[in-house]
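Observations on the three-dimensional arrangement
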Amino acid sequence: MTCYKYVVTAQKPTSTEFCVKGPFTSPHETNLVLGKGTRIEIYTVTPEGLKPTLEFNIHGVIAHLSLYAPPTRDKASLFILTARHRYCILTYSEKTQQIITEMSGEVGMPVQPRAQRDTCLGVIDPSHRYYATALYESMVTLIIPELGQKSKEGASYTRRTSLRNREGRRRQQTPPDYMNLSLMDKTIVSMAFLQDTTEPTLLILYDDSMFRRYLQTFTIDLRNRELKPGDIVMDHFEPDANLLIALPAPVGGVILVAGKFIRYLKPNQAPKAIGIKPCTINSYTIMNASGSRILLGDANGSLYLLNLTLNNNVVEALCFISLGTISSPSCLAYLGNDVVFVGSTEGDSQVVHVQRKSSIADEDDDILEIIEEFPNLGPITDFCVVDLDKQGQVQLITCSGAAKDSSLRIIRNGVGLNELAAIEISGVKGVWALRPTFDDKHDNMLLVSFVNQTRLLQLRDNEMKQLLSHSGLALDQRTLAARNILGDLIIQVTEHSVRLLESASHGSLVDEWFPSNEACITVASLNPTQCVLSVGYGRLVVLQIDGRRLVETGATQLQQEISCLDITPTDDATPYASSVVAVGVWQQVGVKILSIPDLQVIAEESMAGSVMPRSILMATFENICYLLVAFGDGQFYNFKLDSRQGTLSDKKRSFLGKLPIALGTFTSNGTIHVFAASDKPSVIHSRNQKLVYSNVNLKDVRGVTSFNSVGFPDAVALTTKDALVIGQMEEIQKLHITKISTIDTPRRITYQESSKSFGVVTERISNTPYTAASVTGGFEILDDQSFTVLDRIYFKQFERPLSAVSMAFENGPGDCYILGTGKDTDEFETGSSGRILVLQISASRGLRVVSQKIMNGMVECLRPFNGKLLASVRGELHLLQLHPDMRGGGELESVCHYKLPSITESLITYNNLIVAGDMAVSVVVLSYDERGRTFRELAAEEQPKEITALEVLDEHSSIAAEKEGHLFIMQRRDPEKLEDEHDEPLLHTASQWHLGDLVHRFRFGSLRMNVSDPDSSPITPSLIFATASGAIGVIADLSEERFKLLWQMQNNMNKIVRSIGDLSHSDWRSISMMDRKEKCSNFIDGDLIESFLDLTPQQMQGVVDGHNGGRKLDLTVEDLCKVVEELMSVHS
C-alpha cells in the first residue's frame, strides 16, 4: 500500500447536537435547522410533518448553532461557531436557492494562555448585536457581527500606508468584531442574556477559586471593551446548578436549574423555587411567547413541563410535571401544536406529540406519542465486518448509542423494503398488476400465474381477496404476460392464445389470436398497443392492437431459439408503441435488436458461455436508453442502446447473484427503477449517468411487478418461494440500516464464523452508584441470522468486561471467545486487577468456561497472535498460551511480557509484528522472537498522541486515529538508513489529515456491491471506519499519479467554488494539536472531490482549466467525471 489515501464519507453524521427553529428559507415558512457534526440539515415544518428542504456540509465541526434574527429582518440567518473558533453568518437566498455567506471571522487566541473548554457555551442578546461564548476557562468572548460587517465594508477604502505604520497599527489594534474578556479566578458554568434590560446584561453562573458557585450580572462596556460586574443575584447554592434559561420580555429574569431544585431569579425580585425529583436537566425549549411553559429534557431520557404562573408578568409560582420518556436529548425545539423535536447524540432523534391529559387520574401515565424517528448510529464504539450471505456483500454490525438508547445496527449497502402485506403462496411463476381502466392512476388487482392455472387477487378495504372470475380472463391456464392497454382493454397471453378482453369486471372477451398448427406460446412481451411473442423453434410474431382487434403485423424465423423478449417503448415521441423488439437467444447465446414491423435484425451481440438469457429489458435512465440482459447463472449485462441508429455499445458485465434473474420496473418518488429479482435481489438505477446497483434486504425473490394502489401507494409486489409480498421500497440510498435494540450498552463486538454467532461485550449504565451486588456489564452471544441472545454472562463485584476476541489456540479445543475484564482495587483508582476468561459455545449453543486467569491489572485489549493470545494489561503487554487438559478445559500460561509506555487500548498484529497504540506516547512497533520468547521494540512515534484506533496497512505502515480527530499514516524507517547508529528507530508521519471526528475502530472491508466484472483487475482492499457522530467512512489506496491529479483538482475546486461560511478547506484539514499546527499531506478529501459532479458545466470547466489561480489539468471534463465516478464506486 502507498501513503496516498482517499477518504470519503459513506454515511453522513447522524448525531444531532443542535437544533433551532425559525423562518430561515422564507419569511412565510417555519424551518427546523439541525447541526450534526460537520453537517447542517434544514427541514420545513408542515401540517404533514417535517419536510427535508436543504442539507450541506461546512469546513468545520459545529460547536454552537443559533438563529441570528435582528429586529429589522423578516427572515432569520444562521450563526455558526466551529470547534476551531471560526464563525460565520449564513443566509438563504430565495432567488438563487443558495446559501449566502453574510459574514465570517475568527476568534483569536487570548493574550494570556488559557485552557480551552470541553464544551462551548453560546448566547445571543435580545437585539442580536452581541454573541457571547465561553471558549476558554475564565473568559467570555464577545462577538459583534455588525462591527465585523463594517470592517469588511471599509476594507476596500483603506488608504495605503507605509509598512512601518501598518505593522505598528497591527500591534496596537484589537480585532474589531470580537473581544476576549477575562474573568479572573472564575470558572464559567452557564450564561444567559437578560431579555428585559435597556442595556445588554449578561448573567453568568460561575465557580470561584474556592469552588463556590455564584450567579452575577455583567454589563457590556463596548468603548472600553470590558465586562462591568454588577450585582450578585444569588450565592451559596447547590453545586449541581448548571443551566440558565432566559425568559422573554416583559417577564424577564432567568430559570436556574439544579439537580433537585428549579428557581426563578430576577434582580431586585424575591426568588421562586420548586423541588423536583433528582435529575440532570440538559436541554430545554420555550413553548410560548411569554415563556410561561417550558419543556425540559434530562440526560436519562425524560421530558418534563415547567409551568410558570404569571400575574401581570410577574412569576408567582412554579409547577413541574413529568410527561414521559424520550431519547436521551441533546437539544429540544418546540414545533407548535404540542409537537416537539428531540435531538439526540446517544439515540434516535424524534418528533414527539405531547397529548392532552383527560383527567387527573392519568397524571402519571406517559402521554407522549412518537410521530417520527430519525435513525442515529452514534456514538459507534466498535463494529465488525461480516459476509453472512457468502455472496461477497459485507455487512457492518455496529455497537451504537448508550444506556437505554443503545442498540446494534446492521448496515449494508442497498435499499430496504418496508413490508406492508404478505400472502403465503408457493409455486408462483409470474405476477402482473392491473387497473380498472387504462387511464386510472392506481392498480387494484394482481394476476398471479402458476404452472397450470391463474389466480386473480383484488384489493378491497386494504385486504387482498381472491376473485373467481373477471371479464374474459382465462383463469384455468398459465399466464405468460398480462397488462392494461389502450381502449380500457386487458390483454392476456397464455400458452395457447392471446386474449383481448374488456377491463370491466363484467366485461367479455372481444378478440382472441391463436398460433398456427396449434403451436405453444413460450414467451411474450406487451406494451399498450403491441404484443410480441415466440411460438418456439425461433419463430417470432408481432401483433398490433387495432381498436378491439388483434392484428398480426409481422413474423420471422430466427436461427436460434428465443428465450426472452421485450417491447418496452423507449422513444418519448411514441410512448405507447415501440419501433424495435429486444430478443434474447440461446444455442448461440446472444441478444438481437429487430425493427418493427419488418422484423429485420438491426443490431446483435454474441456473448460467451452456454447459459441462456432469462430476462431482457429496454429501460431509460437520465435520458439514456439501455438494454439490460439477465442470465440464468446471475450474470448481468448492460448496453447503451440507440434504437434509431440500431446500435449497441458500451458493453458491461456484472454479477447479481448465482441464480436466474427476472427484470421488472417499478416507480419510486416519480422515478422509474429496475428491480432484478434473484437470490440476491437488487435495484438498478442511475446516478450521474452511470448505472448503480443497490442490494435489497430480501433473499430469493422470483418475480416482481409495480403495484401502485390506493392502499399501497408506490408499492411493489414480489414473489418468493413461499409468499407474495407487497411492500414499499425505501428511498434509494447508499446504506440500509436495521436496528436491533439491546438491554445494556454494547461496547465491543466480535464474530465467530464456526458457531455462526456474535460475541458482544455490554456495559450496564446506571444513575446510582454501583454496589457489590450491582450488575456492571455482561458478555452475550447472539445468533448471526436472528440476532437473538443465545446465552449471557453477567458481572458483579465491581468487575467490568472490557474486551473480547474470537480465536483458536494452538493445540486448543477449537474456536473460543476470549474475554478480558477489570476492576479498580482501591478508591483512588491507582490499583486494579482483572481476569482473562476462555469461553466456548457448547452443542446446545450455551457458553462454558474453558479456562480463566487472574491478571495484575485491567485487561484493556486482546488480540490473537500466531495461535497465542496477546493481552494489554494496565500498560503491560502479555503473551499467553493455552495448555488443554483431558476434560476439555485448560490452563492459560504466560509466555512473556513487555512494559508499554501507558494504557493501551489499540493492539494490532501483522505477521510477526505487534503495533500498540497507547494513551500517552502514541504508537510502538514490536516484534516477537519465537526462539528467545521475547519482545523487541523496533520503532516508536516521537510525538505524543492519544491513540483511539489503529490498523496495520503493511509491514512498514500503520494508520492511526487520535482523540482530536486527526488521521495519521506512520511508516517505520529502515534501520539501515539511520544516519547514526545510536539513533533510535522512529516511526515518521508520512501522511496526516484532520477528519474532525472521533474514530474508535478501523476494519478492512468494502461497502460497494459485488457486481464488478470478474475480468477486470482486482480492487485494492479498502479500510472502513466509524465515528462518534455516527458517520461511516472509507479509506482507499491511491497511486502517486492518481494522487497528484486529485490533489490539483482539489486545489482548483477550492479556487472555483466559494466555501460555505468562507471557511478555509486547507485550514479545516490541517493538523492542530498541542499548540502545533501543520498542513495536511497525502490525503484526498473524497467528499469534496465527489461534489465535482454537482457543479455547473461552467464551474467544471473552470476546474479543468485552472481558473482563479489554479493549474490546468491534463484531462477533459468528461474524463474527470469518469475519474470521480470510479472513485465513487469505492463506497456505492
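Please refer to the structure higher up on the page.
Sequence order as written defines residue numbering, which begins from 1 separately in each chain. Local features in a predicted model are, by the rule used here, given only for residues with pLDDT of at least 70; side-chain atom pairs are given and counted only at 80 or more, and totals for whole chains, interfaces and linings are based on all residues. To get the side-chain values, all heavy atoms of the structure are used, and hydrogens and water are removed first.

**Some remarks on the overall build of the protein**
The condition that has to hold: For helices the rule is a DSSP run of H or I covering at least 4 residues; for strands it is a run of E covering at least 2, with both sets numbered from the N terminus onward. Radius of gyration means the value over C-alpha atoms here, while the globule rule gives 2.2 Å times the residue count to the 0.38 power. Between buried and exposed lies partly exposed: a residue is buried under 20% and exposed over 50% of the maximum accessible area for its type, with that area taken using a 1.4 Å probe on protein chains only. In this description, contact between two residues means that some pair of their heavy atoms is separated by no more than 4.5 Å. Shrake-Rupley sampling with a 1.4 Å probe provides the accessible areas, and residues are treated as covered by the protein chains on show and by no other component. All tallies of charge rest on Lys and Arg as positive and Asp and Glu as negative; His and the ends of each chain are not included. Every charge is mapped onto a representative atom, which is NZ of Lys, CZ of Arg, CG of Asp or CD of Glu.
Within the protein one finds seven helices and 87 strands. Taken against the 2.2 N^0.38 rule, which gives 32 Å for 1132 residues, the C-alpha radius of gyration of the protein at 34 Å falls within 12% of a compact globule. If you line up the protein on its principal axes, its C-alpha atoms span 105 × 85 × 75 Å. In the protein, which comprises 1132 residues, the share counted as buried stands at 56%. At a minimum sequence separation of 6, the contacts of the protein that also span at least 24 residues come to 52%. Working note: accessible area of the protein is about 49,800 Å², and carbon and sulfur atoms make up 47% of it. Counting 108 positive and 136 negative side-chain charges, the protein places the averaged centre of each group 3 Å from the other.

**Quick notes on unusual backbone geometry**
Here the amide bond leading from Ala249 into Pro250 is cis, since omega sits at 5 degrees, within 30 degrees of zero. Mapped onto the elements, Pro250 comes out in the loop between strand S18 (243-246) and strand S19 (254-257). A cis amide bond, omega -15 degrees, links Gly378 with the succeeding residue Pro379. Mapping Pro379 onto the fold places it in the loop between strand S29 (368-374) and strand S30 (382-386). We note that Tyr537 has phi near 60 degrees; this positive angle belongs to a residue other than glycine. Relative to the elements of secondary structure, Tyr537 occurs in the loop between strand S43 (530-534) and strand S44 (539-546). Residues other than glycine seldom take positive phi values, yet Lys756 does so here, at roughly 50 degrees. Mapped onto the elements of the fold, Lys756 is located in the loop between strand S62 (745-752) and strand S63 (757-763).

**A word on helix H7 (residues 1117-1128)**
Put simply, the rule reads: One less than the number of residues in a helix, times 1.5 Å, gives the span that helix is expected to have.
Relative to the 16 Å expected for 12 residues at 1.5 Å per residue, H7 spans 16 Å between its end C-alpha atoms, a close match to the ideal helical length. Contacts from the buried residues of H7 go to strand S1 (5-11), helix H3 (1040-1056), helix H5 (1086-1090) and helix H6 (1097-1105).

**Let's talk about the pairing of strand S14 (residues 187-193)**
For clarity, the threshold we go by: Only strands joined by at least two bridges in the DSSP assignment are considered to pair.
Summarising burial for S14: six of the seven residues are buried, a large majority. Bridge count between S14 and strand S15 (residues 201-207): six bridges; the pairing is antiparallel. Residue Ala192 lies in a different strand from S15, and its bridge partner there is Leu203.

**With respect to the side chain of Asp511**
For clarity, the threshold we go by: Whenever Lys or Arg places a side-chain nitrogen within 4 Å of a carboxyl oxygen from Asp or Glu, that contact is recorded as a salt bridge. Whenever a nitrogen or oxygen atom comes within 3.5 Å of another N or O atom, the pair is scored as a polar contact, on the condition that within protein one atom can donate a hydrogen and the other can accept it, and that pairs from neighbouring residues in sequence are kept only if both atoms are in side chains.
Along the polypeptide, Asp511 turns up in strand S41 (residues 509-513). Buried charge without a salt bridge: Asp511, with Arg549 as the nearest opposite-charge side chain at an N-O distance of 5.3 Å. Within polar-contact distance, the side chain of Asp511 engages the backbone nitrogen of Leu550 at 2.6 Å. Once residues lying within four places of it in the same chain are set aside, the contact partners of Asp511 are Val498, Arg499, Leu500, Arg548, Arg549 and Leu550.

**Quick notes on the environment of Pro71**
Within the fold, Pro71 resides in the loop between strand S6 (62-68) and strand S7 (77-82). Owing to a relative accessible area of 66%, Pro71 belongs among the exposed residues under this scheme. When the C-alpha atoms of Pro71 and Ser127 are compared, they prove to be 6.9 Å apart, with 56 residues separating the residues in sequence.

**Some points on the pattern of salt bridges**
One side chain can pair with another of opposite charge once the charged atoms of both are near each other. Counting across every chain of the model gives 36 salt bridges. Note that Arg263 and Glu238 form a salt bridge whose closest N and O atoms lie 2.8 Å from each other. Placement of Arg263 in strand S20 (residues 261-265) and of Glu238 in the loop between strand S17 (226-235) and S18 is noted, with a sequence separation of 25 residues between them. Each of the two residues, Arg263 as well as Glu238, counts as buried. Residue Asp348 pairs with Arg409 through a salt bridge whose shortest N-O separation is 2.8 Å. Here Asp348 is found in the loop between strand S27 (339-343) and strand S28 (349-354), whereas its partner Arg409 is found in strand S32 (residues 407-415), with 61 residues between them in sequence. Within this structure, Arg86, Glu106 and Asp1067 form a network of salt bridges that share partners.

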